[in-house]
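Close look at the chain arrangement
What follows is the residue order along each chain.
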Amino acid sequence: MQVGGPNGSGKTSLLRMLCGLAAPAHGEIRWGGSEIRSLGGAYFSDMTYLGHLSGVKDDLTALENLRISSALAGTEVDAGKAQDALQLMGLGGRELLPAKVLSQGQRRRVNLARLLVCDTVLWILDEPLTALDAAAVKLMQGVMERHLVKGGMIVMTTHQEIEIAAATIQRLQLS
Amino acid sequence: MFVRITQRDLLLAMRRRSDVLTTLFFFVIVVSLFPLGVGPEMSMLRTMAPGVVWVAALLASMLSLGRMFSSDHVDGTLEQMLLSPQSLSLLVLGKALAHWLVTGVPLVLMAPVLGIQYDLSADSLLVLTASLLLGTPVLSLIGAIGAALTLGLRGGGVLVSLLVLPLYIPVLIFGAGAVEASAAGLGAAAHLSLLGAFLLASMVLAPWTTAVSLRISME
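Description of the structure in this document.

Conventions and cut-offs
- Residues numbered from 1 in each chain as written.
- Chains lettered and ligands numbered in written order.
- Predicted model: local features only at pLDDT ≥ 70, side-chain atom pairs only at ≥ 80, totals over all residues.
- Helix = DSSP H or I, 4+ residues; strand = E, 2+ residues; numbered from the N terminus.
- Rg over C-alpha atoms; globule rule 2.2 N^0.38 Å.
- Buried ≥ 20, exposed ≤ 12 C-beta atoms within 10 Å, placed from the backbone.
- Contact = placed C-beta atoms within 7 Å.
- Nonpolar A, V, L, I, M, F, W, Y, C, P; charged D, E, K, R; others polar.
- Core = buried A, V, L, I, M, F, W, Y, C linked by C-beta atoms within 7 Å.
- Pairing = 2+ DSSP bridges.
- Right-handed = clockwise from strand over helix to strand, strands pointing away.
- Axes fitted to C-alpha atoms, helices over the stretch in contact; angles between N-to-C directions.

Turning to the overall build of chain B, a few remarks are in order. For chain B, the count of helices and strands is nine helices and zero strands. Start at the N end of chain B and walk to the C end: the helices and strands fall as α-α-α-α-α-α-α-α-α. Its C-alpha atoms give chain B a radius of gyration of 18 Å, within 12% of the compact-globule value 17 Å for 219 residues. By principal-axis analysis of the C-alpha atoms, chain B measures approximately 55 × 35 × 30 Å. For chain B, the proportion of its 219 residues judged to be buried stands at 46%. A sequence separation of at least 24 residues applies to 80% of the contacts in chain B between residues at least 6 apart.

Right, here's the structure in full:
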């Protein structure tokens, strides 16, 4: 599902509510029939949220960042697998650099590498393609298509034109 | 996961050693200023030593509270912690443990050396160290609540002192009291037991309260 709309129309607020960071003023949000607040940890282990803030620590290396953020999200990743994911994201040879020397786009790639190692069903992505170059956008497109083919779900916002091949695409235009 | 988060915070602290050292040097300097200012009257120094060391320890642990959650808040890691399938209270306990290892343990190790400036007896030094060993983790745990409540506020540093320092008072009274009691020949066991009780109670209640405060602050 792609959420669109002008700046300030509430895209990020909607996504934060969907992942349970904010509570809706009216109504409730359900996952598999139950309210997400009552599900708690069970919902969080089905869901991956990547927001505006990268969650990438300046003082840690790309590899440490990926392994720790995955562990926090409930999937332990061994060094080899994390290395492969970073390689795939075009960060081969830069795994051991501290994140503060990486560029904006490279930090975004470190963050997105989490999608390659997680096994959650629902991805909630807030502007995942900002700061990425054309090659990386194409790469992410492939990653998302594979996730959808496997039966996953994605809710994302983006201002970029991106065509993702999927069985069902919903577009929600906020105004 | 509890271990992972503690490891991560220790790793971050090691990459930024200056933050750790400022807290320790603050403690050392504050404690050392008193004998210089008050003069070399031995009996007076002996009576004021426990209070001075304990107040300095409170202020030193206060100094580093702001950093406990703020950097995770700024770069978005805190959001990911709230969305973790792991229990948030456990993550908070891990962070508080890391905070204590980084700021509390150096103070405990330094205290006997500083106590010599105040002409404390060997027994008193031992009791002082034991009281700090039991008391400083309580400071980190209670401090975490204050740090979580003032997250992202402007001037949060001052506010956190106003919130947390009154809660430190019982620890201060029984921590300093332990040394005085043992110097007076009454034995420090009662005071130390109470400090131990504070530690157990705050280990159970503080992580949970901090987790609730974090969720409120992030909404």
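Each partner contributes residues to the interface: chain A has 22 residues there, and chain B has 19 residues. Contributions of two or more residues to the side of chain A that touches chain B are made by helix H3 (41-44) and helix H4 (62-72) of chain A. Top contributing element to the side of chain A that touches chain B by residue count: H4 of chain A, with four residues. For the side of chain A that touches chain B, the class distribution of residues is 12 nonpolar, eight polar and two charged.

Another point: unusual backbone geometry. Residue and element names in this part refer to chain A. In this structure, glutamate 127 is a non-glycine residue whose phi angle is positive, near 50°. Among the secondary structure elements, glutamate 127 is positioned in the loop between strand E5 (122-126) and helix H7 (134-149). Positioned with a positive phi, alanine 131 is a non-glycine residue whose angle comes to about 70°. One can find alanine 131 in the loop between E5 and H7. Taking the C-beta count within 10 Å as the criterion, alanine 131 has 15 such neighbours and is therefore assigned partly exposed.

The next subject is the nonpolar core. Residues Leu86 of chain A together with Val53, Ala57 and Ala144 of chain B are the most contacted members of the largest nonpolar core, which totals 102 residues. Leave out the neighbours within four places in its chain, and alanine 57 of chain B touches Phe27, Leu107, Leu132 and Thr136 of chain B.

Residue and element names in this part refer to chain A. Of all five residues making up strand E6 (residues 153-157), four are buried, and the element is well covered by its neighbours. The pairing of strand E1 (residues 2-4) with E6 spans two bridges and is parallel. Looking at the pairing, valine 3 lines up with threonine 157 of E6. Sheet topology places E5 next to E6; five bridges connect them, and they run parallel. Note on E6: the bridge partner recorded for tryptophan 123 is isoleucine 154. Crossover handedness for the path E5 to H7 to E6: right-handed.

Here we take up the sheet that holds E5 of chain A. Residues and elements named next belong to chain A. Spatial ordering of the open sheet is given by E4-E5-E6-E1-E7, a layout of five strands whose pairing is parallel. The open sheet is flanked by strand E4 (47-50) and strand E7 (171-173), the only strands paired with a single partner. Going across the sheet, the axis of each strand differs from the next one's by a mean of 15°, ignoring polarity. Of the pairings in the sheet, the one linking E1 to E7 comprises three bridges and is parallel in character. Residue pairing for E7: glycine 4 is matched across the bridge by glutamine 173.

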